[in-house]
Amino acid sequence: AKEGGKRRFAVFTPAMRDSIVRRHDLKEELAEAISNRDLMVQYQPIVDIQTGEAISVEALVRWNHSDRGRIPPMEFIPLAEDTGLIVPLGRYVLEEACASVVQRSHTLQVQVNLSAIELEHPDLIQTITDVLERTGIAPGRLVLEVTETLLVKDAERGAATLQQLRDLGVQLALDDFGTGYSSLSYLRNLPLDTLKIAREFVEGLAFSDHDAAFVRLIVGLAKTVGLKVVAEGIETRAQLDMLREIGCDLGQGYYFAAPMDVDADWESAPVAAAL
Ligand code: C2E
Ligand code: CA
Ligand code: CA
């Protein structure tokens, strides 16, 4: 870049260089991490907000890097999507999560996040079929969480894939509802079981009338069309009280329990928090 004059003309800073190098290195290291099984899965309960009883757990992938420490999914999932590594990564999470939950419980459901890239992959249905078979989990106990981005490129194909998944007997949840390109037509046309209300609306619940009205609307809508509804990111008692008043049935968040290791007690903390 041209030196001299005002600094605002320097468009390529050392910090930008570092970030590009880091992304590049992480992509290579992620490939190794997947084959070395340096990734692990944590589980966050999804509970009946009246009783705190867990009905499901969401599987969340973790990468504890030997040199760099913990890398957040918000950083490495996009890299995995760029490189196609999301496919083996997703398969690992799916298999690990189903196997663990079958071992831990006869009734809990398990929710696994699927990125749009995985949904477009031609092997998806075969992969899910294999995992159901290998782990022996009842299909109805597996809930796949998808976002609306899967419908942006080709809504018809996205809907067809979801229907194929539904035909396997697995359940489908629409994640982060209210952000992105939410549209009422999705609720009408997609074979969904559950709506998850994005954390940002739950965040404002206790102090923003606008957010409270929005959550009320989504909960009412979900119930009208026969969907389960989960409020994400519940962190405070005030938010919980509002959600109970609104009539939301299910919730997830640090107030009940943070994501936990596979061998932790998933059930006690949420019940205590609900009291
Ligand atoms: P998400 O699917 O919306 O998952 C919920 C995120 O919110 C998780 O972050 C969880 O730890 C966090 N969370 C839970 N309760 C609270 C709360 O009360 N307050 C706040 N502030 N946060 C809370 P995490 O684990 O860092 O994951 C971030 C995102 O990365 C996920 O968002 C999901 O989009 C993606 N992700 C995580 N694991 C996987 C995976 O195995 N596959 C795919 N494709 N994506 C994944
Ligand atoms: Ca999710
Ligand atoms: Ca979410």
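Scroll up to find the structure.
Every chain is numbered on its own, with residues counted from 1 as its sequence reads. For naming, the first written chain is A and the first written ligand is 1, with later ones following in the order written. In keeping with the predicted nature of the model, local features appear solely for residues at pLDDT of at least 70, side-chain atom pairs appear and are counted solely at 80 or more, and the whole-chain, interface and lining totals rest on all residues. The side-chain figures draw on all heavy atoms in the structure; neither hydrogens nor water molecules are used.

**Things to note about the packing of aromatic side chains**
At step 1: Ring pairs are drawn from Phe, Tyr and Trp, using the six-membered ring of Trp, whenever the two centres fall within 6.5 Å, and their geometry is named by plane angle: stacked under 30 degrees, edge-to-face over 60, tilted for the rest. Summed over the entire model, instances satisfying the criterion amount to four aromatic pairs.
At step 2: For the ring pair tryptophan 63 and phenylalanine 76, a centre distance of 5.5 Å and an interplane angle of 90° mean the geometry is edge-to-face. Here tryptophan 63 is found in strand β2 (residues 54-65), whereas its partner phenylalanine 76 is found in helix α2 (residues 73-83), with 13 residues between them in sequence. Each member of the pair, tryptophan 63 together with phenylalanine 76, is buried.
At step 3: In this scheme, Lys NZ or Arg CZ marks a charge over a ring once it lies within 6 Å of the ring centre and within 35 degrees of the ring normal. Here arginine 104 stacks its cationic end above the ring of tryptophan 266, 3.9 Å away from the centre of that ring. To qualify as a helix, a DSSP run of H or I must reach at least 4 residues; to qualify as a strand, a run of E must reach at least 2; elements of each kind are numbered from the N terminus. Here's how the labels work: a residue is buried when its accessible area is under 20% of the maximum for its type, exposed when over 50%, partly exposed in between, all with a 1.4 Å probe on protein chains only.

**A word on the coordination of the calcium ion (ligand 2)**
At step 1: Here a donor is any nitrogen, oxygen or sulfur atom (N, O, S) within 2.8 Å of the metal, with 3.2 Å used for Na, K and Ca; water is not among the atoms considered, so some sites may look incomplete. Within the protein, the atoms that donate to the calcium ion (ligand 2) are Glu58 (OE), Asn113 (OD1), Glu145 (OE) and Asp175 (OD), at distances of 2.1 to 2.3 Å.
At step 2: When the donors of the calcium ion (ligand 2) are listed by position in the chain, the intervening gaps give E-x54-N-x31-E-x29-D.
At step 3: A separation of 3.8 Å is found between the calcium ion (ligand 2) and the calcium ion (ligand 3), which are bridged by aspartate 175. Of this pair, glutamate 58 sits in strand β2 while glutamate 145 sits in strand β5 (residues 142-146), and the two are 87 residues apart along the sequence. Note on accessibility: glutamate 58 and glutamate 145 belong to one class, buried.

**Overview of the pattern of salt bridges**
Here the idea is simple: oppositely charged side chains can pair when their charged atoms come close.
At step 1: The working definition used for a salt bridge is a side-chain nitrogen of Lys or Arg within 4 Å of a carboxyl oxygen of Asp or Glu. Throughout the structure, instances matching the rule amount to 15 salt bridges.
At step 2: Two residues, aspartate 18 and arginine 17, come together in a salt bridge whose shortest N-O distance is 3.8 Å.
At step 3: We classify arginine 17 as partly exposed; its relative accessible area is 47%.
At step 4: We note a salt bridge from arginine 237 to aspartate 241, for which the minimum N-O separation is 3.4 Å. With arginine 237 and aspartate 241 both in helix α10 (residues 237-246) and four residues apart, this pair spans about one turn of that helix.
At step 5: Looking at arginine 237, the relative accessible area reads 28%, which means it is partly exposed.
At step 6: Using a relative accessible area of 38% as the deciding quantity, one classes aspartate 241 as partly exposed.

**Remarks on the site of ligand 1**
At step 1: Nearness is defined per residue: one heavy atom within 4 Å of the molecule or strand is enough. Among the 23 residues in the neighbourhood of ligand 1, the closest are listed as Gln44, Arg62, Arg199, Glu235 and Tyr254.
At step 2: N or O atoms within 3.5 Å of each other form a polar contact, as long as, within protein, one can give a hydrogen and the other can take it, and as long as residues adjacent in sequence are counted only when both atoms are side-chain atoms. The contact in question runs from an oxygen atom of ligand 1 to an N or O atom on the side chain of aspartate 176, over 3.4 Å.
At step 3: Within the backbone of tyrosine 254, one N or O atom sits 2.8 Å away from an oxygen atom of ligand 1.
At step 4: Burial of ligand 1 by the protein chains amounts to 84% of its free accessible area of 800 Å².
At step 5: Of all elements in the fold, only β2, α2, α3 (86-104) and β6 (171-177) reach the threshold of two or more residues within the shell around ligand 1.
At step 6: With four residues, the single largest contributor to the shell around ligand 1 is β2.
At step 7: Here the residues of the shell around ligand 1 sort into 10 nonpolar, five polar and eight charged. Accessible surface area values rest on a Shrake-Rupley calculation with a 1.4 Å probe, where residue burial reflects the displayed protein chains alone. Lys, Arg, Asp and Glu make up the charged group, whereas Ala, Val, Leu, Ile, Met, Phe, Trp, Tyr, Cys and Pro make up the nonpolar group; the residues left over, Gly among them, are polar.

**Comments concerning unusual backbone geometry**
The phi angle of most residues is negative, glycine excepted, and most peptide bonds adopt the trans form.
At step 1: Backbone geometry at arginine 37 places phi at a positive 60°, although glycine is not the residue there.
At step 2: Mapping arginine 37 onto the fold places it in the loop between α1 (14-36) and β1 (39-48).
At step 3: Accessibility expressed as a relative area gives 56% for arginine 37, which makes it exposed.
At step 4: The backbone phi angle of aspartate 176 is positive, close to 55°, even though this residue is not glycine.
At step 5: Structurally, aspartate 176 can be placed in strand β6.

**A short note on α10**
At step 1: Among the residues making up α10, those that are buried are Gln239, Leu240, Leu243 and Ile246. Around the axis of α10, the buried residues are gathered within 125° of arc, so they sit on the same side.
At step 2: By definition in these notes, contact holds between two residues if any of their heavy atoms fall within 4.5 Å. Close packing links the buried residues of α10 with α8 (199-204), α9 (209-224), β8 (228-231) and α11 (268-274).
At step 3: Trailing α10 by a residue or two, glycine 247 shows a phi angle of about 95°, which is positive. Working note: the arc is built from the helix axis to C-beta atom directions.

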